[in-house]
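Descriptive structure summary
Here are the chains, one letter per residue:
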Amino acid sequence: MWQSMVTTEAERVQPREPNCDLETVLKLERANLNCFPSLMAHHDGSWISRLSPGGSARRINSLNFYDAEGGDEAERRLNLVRARFRRHDTVFHVRWTPLVPTGVDQVLTSQNYARIDETLVLTRAIWVLGDTEVPKGYKLYEVPLDEWIYKFAQISGAKQGGSLSVGLQTLLEALSRVTVELLGLVLENEENTPAAALLGVVDGDLLGIFDVVTSEQHRRQGLAYALMCEVQRLGAVRGADTAWLQVVADNVAAVELYDSLGYREAYAYHYCKDA
């Protein structure tokens with residue numbers, strides 16, 4: 001069964017050309033580093049191994065590339081990285097972006113790495129529509145990270161006042177290491193129950209948007225739309241002129257929401273897992 005699933009995923013996800021130049025891809029990939037730091041990092045030229053043992057997010061547990069020409073001795077270097085991940089008891093993934101050198105991609109193909117989980121990186125120029133229209137019966141707040149993570153957990157189904165799950169504790173620790181500005185937004189209903197949340201990250205002229213979530217009982221009321229409008233407004237006030245986000249390609253509802261807000265695909269990435 002597992003071998004069959006790998007084959008299906010490998011056939012489903014294929015490398016493709018970006019809709020922007022590689023300089024833009026590099027700028028967004030660097031912003032991704034700043035927005036979500038890993039616990040450890042190893043630099044080998046333009047190759048960066050990001051490691052956070054115990055964490056489930058592949059963005060902080062993968063090999064990343066920052067120069068499409070930096071593919072010398074690809075097979076030998078990949079073997080060294082694979083061994084490094086093994087020493088830290090972490091599954092080895094390569095994060096494939098348009099910056100992956102041709103030589104590396106050839107090795108991944110020849111060694112039958114499974115290509116899984118296609119993700120779209122979407123961008124749009126920030127323009128402000130005016131004051132954010134908060135749906136009737138809700139209040140919108142900007143809150144500190146520690147408060148935001150507990151409200152995010154509650155929206156995601158955790159009990160109020162409970163401790164964070166291992167995954168959310170790892171997320172909090174990662175976000176606590178962010179050196180650029182965080183924007184934690186929460187919408188609550190009239191009973192002060194968190195209903196939707198979003199996290200923005202302002203890094204120079206870029207606004208990254210992450211973790212957009214709405215509780216099941218509060219969906220289809222325009223809450224995510226309101227949060228997106230507000231974070232764009234706040235980003236513009238802080239000097240950002242481009243907003244960007246990542247969304248799993250199969251998440252049709254989210255892709256449609258972002259499309260309605262003017263977001264367009266800049267490039268796609270996926271993960272390559274050792275078969």
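See above for the structure.
Residues numbered from 1 in each chain as written. Predicted model: local features only at pLDDT ≥ 70, side-chain atom pairs only at ≥ 80, totals over all residues. Heavy atoms only, no water.

Turning next to the pairing of strand S9 (residues 206–214). Burial within S9 is extensive, with seven of its nine residues counted as buried. When strand S8 (residues 194–203) meets S9, the two strands line up antiparallel, connected through seven bridges. Note that in S9 the partner of Leu199 across the bridge is Phe210. Between the antiparallel neighbours S8 and S9 lie two residues, among them Gly204 with a positive phi of about 65°. In the sheet, S9 pairs with strand S10 (residues 242–248) via four bridges, with the strands oriented parallel. Within S10, the position partnered with Gly208 by the bridge is Trp244. (Buried < 20%, exposed > 50% of the residue type's maximum accessible area, 1.4 Å probe, protein only. Helix = DSSP H or I, 4+ residues; strand = E, 2+ residues; numbered from the N terminus. Pairing = 2+ DSSP bridges.)

On to the pattern of salt bridges. For the coordinates displayed, the defined rule picks out 15 salt bridges. When the shortest N-O distance is used, the salt bridge between Asp274 and Arg82 registers 2.9 Å. With Asp274 in the segment after strand S11 (264–273) and Arg82 in helix H3 (residues 74–87), this residue pair connects regions lying 192 residues apart in the sequence. Classification of Asp274 by relative accessible area gives partly exposed; the value is 37%. On the basis of relative accessible area, Arg82 is assigned to the buried category, the value being 13%. Among the ionic pairs, Arg238 bridges to Glu142, the shortest N-O distance being 3.6 Å. Placement of Arg238 in the loop between helix H7 (223–237) and S10 and of Glu142 in strand S6 (residues 138–143) is noted, with a sequence separation of 96 residues between them. (Salt bridge = Lys/Arg side-chain N within 4 Å of Asp/Glu carboxyl O.)

Looking now at the packing of aromatic side chains. A ring pair, where both rings are aromatic, is described by two values, the distance of the centres and the angle of the planes. Under the counting rule described, the total for this entry stands at seven aromatic pairs. Arranged with centres 6.4 Å apart and planes meeting at 85°, the rings of Phe92 and Tyr113 form a pair that is edge-to-face. Separated by 21 residues along the polypeptide, Phe92 in the loop between H3 and strand S4 (93–96) and Tyr113 in the loop between helix H4 (102–110) and strand S5 (114–125) bring together distant segments of the chain. The two residues Phe92 and Tyr113 agree in class, both being buried. (Phe/Tyr/Trp six-rings, centres within 6.5 Å; stacked < 30°, edge-to-face > 60°.)

These results come straight from atomic positions and should not be treated as a statement about function.
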